Amino acid sequence: MNKAQPDISQGRPGGALSDSDAGQPGLARAEITFAVNGAAVSVNVPPLRRLSSVLRDELLLTGTKVGCDAGDCGACTVLVDGDPVCACLMPAASAAGASVTTVEGLANGRLSALQASFLAHGAAQCGICTPGLLVAATALLDKKARPSEIEVQDALGGVLCRCTGYRKIVAAVMDASAQAASLDFRLPRSGHAIGSSPIRLDGVPKVTGGEKFGGDSFPADALAVLVIRSPHYHASFAFGDLDGWAKARPGIAGIFTAADIPGKNCFGVIGPFADQPALAEGLARFRGEAVALVAGEREAMLDLDLSDFPIRWTELPHLLQPCEAQAEGAALIHANRPANLLTKGFVERGDPETALADAAVTVTGAIETAYVEHAYIEPEAGHAYMDGDMLVVVACTQAPYMDRDDTAKVLGLPVDKVRIVPTATGGGFGSKLDVSLQPLVGLVAMRTGRPAALAYTRNESMMSTTKRHPAQMQATIGADAEGHVTGMIFSGDFNTGAYASWGPTVANRVPVHASGPYATPNYRAEGRAVHTHGPISGAFRGFGVPQATIMQETLYDELAGKLGIDRLDFRLRNCLRNGSETVTGQRLESGVGIAECLDALRPHWARAVADADAFNSANVDKKRGVGIASCWYGCGNTSLPNPSTIRVGIAASGEIILHQGAVDIGQGSNTVITQICADALGLPLERFRLKNADTAITPDAGKTSASRQTFVTGKAAEKAGRALREKILRFANVSEKASLQLEGPAIVIREGEAVRRVDLGTLEADIHGFVFRAEETYDPPTLPLDAKGQGKPYAVYGYGAQIAELEVDLKLGTVKLVKITAAHDVGKAINPLLVEGQIEGGIAQGIGMALMEEYIPGRTENLHDYLIPTIGDVPPIETILIEVPDPEGPFGAKGLGEHVLIPTAPAILNAIRHATGITITKVPATPTRIRAAIREKEACQ
């Protein structure tokens with residue numbers, strides 16, 4: 001009998017499994033006394049239990065986060081006798097007699113100067129890494145009040161952040177000594193919220209440790225859940241004596257398999273393609289697939305050894321590459337999908353073959369990209385419980401209503417008997433759109449009647465959740481003698497892994513975008529999503545567009561070189577403008593800002609190229625390169641309904657209640673959408689109170705993806721604010737020119753000399769407790785694509801362009817980034833500080849994609865072997881905000897979140913080519929690949 005492998009089969013029960021405890025039944029306990037945040041504490045725990053677990057589970061100081069349990073992410077950083085340590089690496093016994101400070105101890109009744117500086121600089125986005133950064137920075141500032149940037153980078157280098165790009169963190173620490181420690185941050189006056197940068201409305205809990213993420217609020221009586229996962233890419237399996245195994249182990253409440261699932265054991269984000277079981281039924285199609293659950297009392301589960309779990313595996317042949325999966329005679333991964341093809345997207349316009357044949361110059365290339373891991377610092381976590389006949393699931397997510405529908409289907413419940421309550425989400429970037437543990441903890445709660453809790457380990461999070469699609473792409477582009485692009489043909493295979501997830505979206509979005517933001521009169525593009533036994537590939541900031549843009553933008557550089565045209569000028573010559581038609585035949589009447597982005601970069605481009613020329617004249621072993629790349633991105637779903645609904649009302653107390661169902665995963669939607677609603681209503685931001693996403697109380701604002709929340713939900717908020725204002729004005733019988741003001745529990749309406757005061761307490765409240773209320777829905781106007789991909793897939797596009805400056809060590813193949821300059825058209829910057837934060841964070845992820853991130857199943861399933869950018873890897877970033885309003889967006893605003901990642905990698909690759917003359921054909925451009933290409937070039941000279 002093959003045994004389940006413990007390194008991939010168990011999560012953290014209740015969020016507290018300590019590797020040092022596991023497999024040690026009856027581990028002796030000891031009384032350990034130390035000080036925490038100035039107070040003496042005593043705990044009775046096994047001496048080897050992690051300090052992080054003791055702080056979180058025994059002392060309920062959940063501001064100390066757990067991101068890896070291996071000392072790789074630094075989220076659990078605390079001070080021990082004034083020195084920063086990773087609490088996940090320190091045994092509780094080592095803290096005896098020590099003084100420990102957690103993030104909760106940094107504020108003494110009011111924010112510390114550092115915490116206030118983090119808020120003022122927008123240095124906290126999702127907030128999951130913020131406590132570790134604050135604690136590490138506090139230790140630095142205690143030693144040196146005014147540190148240099150290098151000193152900040154050295155002190156914070158052990159704490160990973162996936163959202164911010166680090167630049168605002170560095171600025172916040174360096175500026176802390178000048179920041180008044182205060183909670184009194186001024187909010188903009190009425191009618192001036194848009195265009196201002198108030199602190200995040202949800203910011204204070206992020207810097208005090210009060211924010212509750214998925215693993216921070218497990219019920220004390222919750223059963224702990226562990227997941228048995230496949231150690232093989234492809235295997236059949238059979239269970240042994242499950243009941244006997246469970247009965248022999250005290251504290252186990254039950255073992256659950258697919259046979260226990262009462263509903264349809266199948267979920268998926270796109271209904272017609274749904275194909276993934278919550279628990280596999282006799283056949284595992286990828287490494288890490290869930291096959292069974294073990295639930296039990298928390299303490300019993302801490303010591304549980306799963307190495308002899310009764311399951312027998314029979315390993316089967318596996319296919320990991322699309323070429324293998326589509327080879328003649330290849331076994332089908334899903335019987336109903338011939339040639340292992342999930343689906344394909346297609347766009348054709350004009351006659352590309354003739355255009356290329358007649359072109360003065362053509363270029364052809366092929367590029368391969370790797371799996372990229374989302375690497376959010378918060379692994380999946382949540383719990384479920386029964387509230388009467390209602391199943392309540394409390395978990396991190398990007399899509400509560402989608403979670404509700406899939407969980408209800410799997411568990412055989414009506415949708416109105418499932419409630420999803422999102423916690424704060426510690427990063428998502430697309431992967432937390434798919435359900436993960438929601439039906440699993442729901443199943444245990446339903447079957448046992450007890451609350452059930454589960455927190456993934458870093459290993460199982462990286463193994464079992466979705467990745468960016470690896471791509472194998474080829475393209476040919478042609479231009480006439482004047483440098484105008486005349487035709488393009490693109491083809492790409494995207495490895496969608498074992499199940500569909502967002503594969504159909506990637507396959508359909510790529511052909512629409514593969515031309516880049518350029519006029520391309522003759523065009524054909526096909527994107528294919530191909531099944532393999534690899535990790536499931538899903539949504540990741542861009543849905544395939546970043547991969548396709550690497551192909552297109554690197555060929556644009558080559559084409560410009562053959563034509564002898566400056567690379568920026570070549571892009572300006574071909575970019576879309578108002579009145580242009582896209583490759584889908586959509587006429588862009590207004591709001592096209594790519595030319596403005598490129599124009600804004602022109603002086604930076606001239607300076608960077610001159611700097612590179614001077615550097616290269618003076619250096620032999622190192623060469624400097626400058627690269628440029630552009631992007632465009634359609635906001636929202638592709639040619640599909642995409643509605644958001646917002647409810648806003650005024651209570652008798654004078655509070656404005658905004659039901660804001662768009663999950664904020666760090667991008668700032670809680671603040672931005674409220675700013676939009678405030679100015680549409682004409683009342684101050686400070687009077688708003690949020691009711692965040694909860695399927696029981698907030699209308700469906702749609703999923704947080706596809707750069708849709710500022711545009712789509714923001715438009716719904718604008719409509720709702722205007723509608724509420726209209727109701728109040730109509731009630732007061734005044735014109736739209738009147739102004740509104742709240743004075744305690746009264747609203748004052750002024751028009752000219754006339755003043756009317758309405759005592760809100762005298763008005764009848766509705767079922768929501770509002771005396772005035774509005775609820776509005778917005779769905780972007782799009783049209784379906786026909787058989788040739790012609791139509792109007794998006795109502796609004798965003799645009800951007802970036803310059804990368806870097807140095808390449810020709811002997812080592814290493815790359816040092818010098819600076820990135822980013823110009824992005826956001827239509828209207830609702831909150832400029834948050835816009836800058838999104839740009840910097842997206843660029844950091846683009847750096848990782850370009851230079852270091854390559855997920856290899858079975859080898860890089862942790863944050864030690866899988867490298868993401870650290871604070872020292874992100875160079876200075878200069879942000880240029882371009883505002884070309886789109887009449888469809890709220891106050892002219894466009895989406896931004898995904899756009900900012902798209903041009904970074906191709907700009908870096910183009911800079912490497914400029915510095916070295918080599919073309920990288922497999923991304924990431926690691927030192928090994930760069931050095932191999934340099935050697936190959938030298939051998940040909």
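The structure this text deals with has already been given above.
Residues numbered from 1 in each chain as written. Predicted model: local features only at pLDDT ≥ 70, side-chain atom pairs only at ≥ 80, totals over all residues. Heavy atoms only, no water.

Participant: Before we go on, may I ask you to explain the pairing of strand 7 (residues 223-229) in this structure?
Facilitator: Remember that side chains alternate between the two faces of the sheet whenever the strand is regular. Of all seven residues making up strand 7, seven are buried, and the element is well covered by its neighbours. With six bridges connecting them, strand 7 and strand 11 (residues 290-296) associate as antiparallel partners. Bridging across to strand 11, Arg229 finds its partner in Ala290. (Buried < 20%, exposed > 50% of the residue type's maximum accessible area, 1.4 Å probe, protein only. Helix = DSSP H or I, 4+ residues; strand = E, 2+ residues; numbered from the N terminus. Pairing = 2+ DSSP bridges.)

Participant: I tried to follow the nonpolar core on my own but got confused; where do I start?
Facilitator: Nonpolar side chains in soluble globular proteins tend to end up buried together. Counting residues in each nonpolar core, the largest one holds 156 residues, and the members touching the most others are Phe118, Leu156, Val173, Phe490, Leu559, Ile908 and Ile912. No other element matches helix 16 (residues 545-563), which puts nine residues into this core. In contact with Ile912, other than residues within four places in its own chain, are Leu806, Val808, Val815, Leu851, Gly917, Ile918, Ala925 and Ile930. Ile728, Leu742, Ile749 and Ala774 belong to the second largest nonpolar core, which has 45 residues in total. (Core = buried A, V, L, I, M, F, W, Y, C linked by side-chain atoms within 4.5 Å. Contact = heavy atoms within 4.5 Å.)

Participant: For this particular structure, what's the right way to read the pairing of strand 33 (residues 815-825)?
Facilitator: Burial within strand 33 is extensive, with eight of its eleven residues counted as buried. Note that strand 32 (residues 797-809) and strand 33 share ten bridges and pair antiparallel. In the sheet register, Leu806 faces strand 33, and the bridge partner there is Leu817. Linking strand 32 to strand 33, which pair antiparallel, is a turn of five residues; within it Gly813 sits at a positive phi near 80°. Across six bridges, strand 33 lies against strand 34 (residues 877-882) in parallel orientation. Counted as the bridge partner of Ile820 is Ile877 from strand 34. In this fold, the crossover linking strand 33 to strand 34 by way of helix 21 (residues 832-851) has right-handed handedness. (Right-handed = clockwise from strand over helix to strand, strands pointing away.)

Participant: Would you mind going over the state of the cysteines with me for this structure?
Facilitator: One covalent bond between the sulfur atoms of two cysteine residues makes up a disulfide. Inspection of every chain in the model, using the stated rule, returns zero disulfides. Unpaired in terms of disulfides, Cys86 finds its nearest cysteine sulfur in Cys76, a separation of 4.5 Å. (Disulfide = S-S within 2.5 Å.)

Participant: Would you mind going over unusual backbone geometry with me for this structure?
Facilitator: The phi torsion of most residues other than glycine is negative, and most of the peptide bonds are trans. Here the amide bond leading from Val923 into Pro924 is cis, since omega sits at 15°, within 30 degrees of zero. With a phi close to 50°, Phe543 is a non-glycine residue in the positive phi region. Summarising the element assignment, Phe543 is placed in the loop between strand 23 (522-531) and helix 16. Judged by relative accessible area, which is 3%, Phe543 ranks as buried. Backbone geometry at Ala706 places phi at a positive 60°, although glycine is not the residue there.

Participant: Got a minute to help me understand the sheet that holds strand 26 (residues 656-660) in this structure?
Facilitator: The strands that make up a sheet pair up through hydrogen bonds in the backbone, lying either parallel or antiparallel. With respect to topology, four strands assemble into an open sheet ordered 27-26-25-31, the strand pairing being mixed. Each edge of the open sheet carries a strand with a single partner, namely strand 27 (688-692) and strand 31 (770-778). Strand-to-strand, the axes of this sheet are offset by a mean angle of 20°, without reference to chain direction. Against the sheet, helix 20 (residues 709-732) makes contact with strand 25 (644-651), strand 26 and strand 31, and its axis sits at roughly 145° relative to strand 31, the strand it touches most. (Axes fitted to C-alpha atoms, helices over the stretch in contact; angles between N-to-C directions.)

Participant: Can you walk me through the pattern of salt bridges in this structure?
Facilitator: Two side chains that carry opposite charge are able to pair once their charged atoms sit near each other. Throughout the structure, instances matching the rule amount to 56 salt bridges. One salt bridge connects Lys432 with Glu378, and the closest N-O pair in it is separated by 2.9 Å. Remark: Glu378 occurs in the loop between strand 15 (372-373) and strand 16 (381-387) and Lys432 occurs in the loop between strand 18 (418-422) and helix 13 (438-448); sequence separation between them is 54 residues. Exposure class is identical for Lys432 and Glu378. Each is buried. One salt-bridge network, held together by shared partners, links Arg29, Arg49, Asp57, Glu58, Arg298 and Glu299. (Salt bridge = Lys/Arg side-chain N within 4 Å of Asp/Glu carboxyl O.)

Participant: What am I meant to see in the packing of aromatic side chains here?
Facilitator: The geometry of an aromatic ring pair comes down to the distance between the two centres and the angle between the two planes. Taken as a whole and judged by the stated rule, the model has 14 aromatic pairs. A ring pair is formed by Tyr371 and Tyr855, whose centres lie 6.4 Å apart and whose planes are at 85°; its orientation type is edge-to-face. Taken together, the positions of Tyr371 in the loop between strand 14 (361-369) and strand 15 and Tyr855 in the loop between helix 21 and strand 34 put the pair 484 residues apart, joining distant regions of the chain. Given a relative accessible area of 3%, Tyr855 falls into the buried group. Taken together, a centroid distance of 4.5 Å and an interplanar angle of 35° make the contact between Tyr518 and Tyr556 tilted. Placement of the pair is Tyr518 in the loop between helix 15 (503-513) and strand 23 and Tyr556 in helix 16, with a sequence separation of 38 residues. On the basis of relative accessible area, Tyr518 is assigned to the buried category, the value being 1%. The buried category is assigned to Tyr556, whose relative accessible area is 0%. One aromatic cluster is present, built from ring pairs that chain together Phe237, Phe239, Trp245, Phe309 and Trp313. (Phe/Tyr/Trp six-rings, centres within 6.5 Å; stacked < 30°, edge-to-face > 60°.)

Participant: Looking at this structure, I do not really get the sheet that holds strand 8 (residues 235-239). What am I missing?
Facilitator: Taken in spatial order, the three strands line up as 10-8-12 in an open sheet, and their pairing is antiparallel. Each having just a single partner strand, strand 10 (283-284) and strand 12 (311-315) make up the two edges of the open sheet. Bridge analysis of strand 8 against strand 12 gives five bridges, and the strand direction is antiparallel. Across the sheet, Phe239 pairs through a bridge with Ile311, a residue of strand 12.

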